[in-house]
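Analysis of the macromolecular model
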Amino acid sequence: MWKKQNIGLCLIFGMVLAPEWAAAQTNVMVLDTFIETHRIENVSANWETIALANAYTAPVVSCTYVLPSAASNEAHTRVRNVMPTSFEVRVQRFEDSSAFTASDVHCLVVETGAHTLSDGRKIEARTVLSDDTSGNAVGWTSTETENVTASLTSGFSSLAVFGQVMTFNDAQASVFWTNNCGNRNTPPTPTAFCVGKHIGMINDTRFNETLGYIVAEPGTGTVNGVTYVFARGGNSIAGTGNSPPYSYSISGDFETAILTQAAENGGNGGWAVLFGSDPLPNGSIQLAVEEETVAGDTSRRHINEEVYYSAFRSTQAAIFSGTKTVAMATDNPTIYAVPGSDVIYTITLDNTGTGPVDLNSLFLVDSVPDEMEFFTGDMGGGGPILFSPGTSGLSFSPSTDVAYSFASARPTNIGQCDKTEADLNASYDDQVRHICLVPKGYVRPGSLYPGNTASFSFRMKIP
C-alpha cells in the first residue's frame, strides 16, 4: 500500500504495475533492517529471482511450500544464489522432478549474525557447510549432521528454528533437518543443536550444500507494523497421506508463515508444508508433514511430529511523496533566469511510512514546460538523467529506465513514452514534452531508513 501525492510543476506520481516490470512476489513485510518476509505466488520448477527490500551483507533464507491438497504430488523448496540484494527460489520434487503443482512459497530472510528486534526479541541467522547426508538408509546419527551449538551467541533459553538447504550444488533434492545431536526424535536445545540435510528413504548421498538456519526466541510481538509469532507446536502434525490438514492455533489472521519440522520422529524422513487453498485462516495455521515417494514407503503417511512455526501479519503502509526543486546551472554566465540560461530540476522521492513501496511499481512523469528545451547531453550519470539513490533501495539504468514523449498529451503509462535517447537531438531538444522514469526496486520505509530519499536531476534551457 501507499499514499499517492500529485505535486505541482507538472510532476505526476502514480503507481503502475506494468507487466514488463511486475514481479511475482507479494506481501513483503519489513520488520527491521535485518529481517523481512516474502510470500511468492505460483512458484514452479523454474527459478525465480526474488528482490530483497533491505540492504544485506549475507542474508540467510528459509522457505516453505504450500501444498494445495493431498491430491497434489509432494514438493519442497530449493534456494540458490543468495546475494545481498536477492535470492533465487524454485519448487522441486525428489529427484529433481517437476511433476508437482505450482503453488505459493513463504520465505523468511534474516541477516547473518545476532540481532534484537525493537521489542527485545532475540534472533540469530547462521550458515554451515553440510558435508554429509542423513536418511533412513544412511542413518540419522550425529555423524551425518553438523553441531552448531557454539554458533549461537544470544543466550537463548529456548529455540524456534527455521532452516533451508541454501545452495543447489546437487540438482537432486535434500531437505533441512535438525535435532539435539543425540536422538533424531528430540528437538535441539540451546546447549545441543545439530543441523543437517536428509533424503528420506533414498539410498544415496548428496554433494556438499550450505545450510542456512534462523533461530528466534519463541514468543509474540509487534514491530514496525508487523505482528509476529515464533513457536514450536505440539506433537500432532501427521503426514499428507494421513488426514490433513492439521493445525496449530494462533491468535489473529496471519498472512505469511514459515515452517520447519522439529527433529524426526518418523524414520522415513519428512519436512513440514503449509496445506490447502487457505493455509492461514483466521486463528490457525494449516499444515502437514510431507515425504518423498521415490524409495521405500510411498504412502506419504507419517507419524506425528512437532513443527516450528513463524507467522506474520502487517498493518504497514508506505507514505510516498515527491518534491521538485529548481536551481540555476552553476556554469551559467549569469545568476538570472534569462534566455540562454540553463536550470537544473531535481525530483526528490521519499517514503516516510512503515512499509516499502511495491517492487518495481513506480512510474513517474515530468512534463516539460513549452518554453523549455531539454538538455540531451550527459549529466554525469551516463545520460541526461542524473540519479542519486541515497538509502532508498531504488536503482536506475539510464539505458532502460527512462523514456520520452514528444506528444502534447501527458502519458499515463510507460507504453505511451515511445522515444529513447537515440531519438533525441544532440545537445538540446525542444521536441521533448514529457520525461518518463521507471526506477527499479523498492522504496524502503522511512521508519527504518530515515532520510531514505532518492533524486533525479536533469537540465533545461530557457530559449
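Residues numbered from 1 in each chain as written. Predicted model: local features only at pLDDT ≥ 70, side-chain atom pairs only at ≥ 80, totals over all residues. Heavy atoms only, no water.

1. Quick look at the packing of aromatic side chains
By convention here, two paired aromatic rings are described through the distance between centres and the angle between planes. As enumerated under the stated definition, the model contains 15 aromatic pairs in all. On the numbers, 5.3 Å between centres and 45° between planes, the contact of Tyr228 with Phe230 is tilted. Relative accessible area serves as the criterion here: at 0%, Tyr228 is assigned to the buried category. With relative accessibility at 1%, the residue Phe230 sits in the buried group. Where Tyr345 meets Phe458, the ring centres are 6.0 Å apart and the plane angle is 35°; that geometry is what we call tilted. In this pair, Tyr345 sits in strand S25 (residues 342–351) while Phe458 sits in strand S32 (residues 454–461), placing the two residues 113 residues apart along the sequence. Side by side, Tyr345 and Phe458 carry an identical accessibility label, which is buried. Here the aromatic residues Phe162, Tyr228, Phe230 and Phe312 are joined through ring pairs into a cluster of three or more. For Lys324, the ring lying beneath its charged end belongs to Tyr345, and the centroid distance is 4.3 Å. The ring of Tyr449 carries Arg444 above its face, with NZ or CZ at 5.2 Å from the centroid. (Phe/Tyr/Trp six-rings, centres within 6.5 Å; stacked < 30°, edge-to-face > 60°. Buried < 20%, exposed > 50% of the residue type's maximum accessible area, 1.4 Å probe, protein only. Helix = DSSP H or I, 4+ residues; strand = E, 2+ residues; numbered from the N terminus. Lys NZ or Arg CZ within 6 Å of the ring centre and 35° of its normal.)

2. Description of the environment of Gly241
Along the chain, the position of Gly241 falls in the loop between strand S18 (226–232) and strand S19 (246–249). By relative accessible area, Gly241 is classed as partly exposed at 25%.

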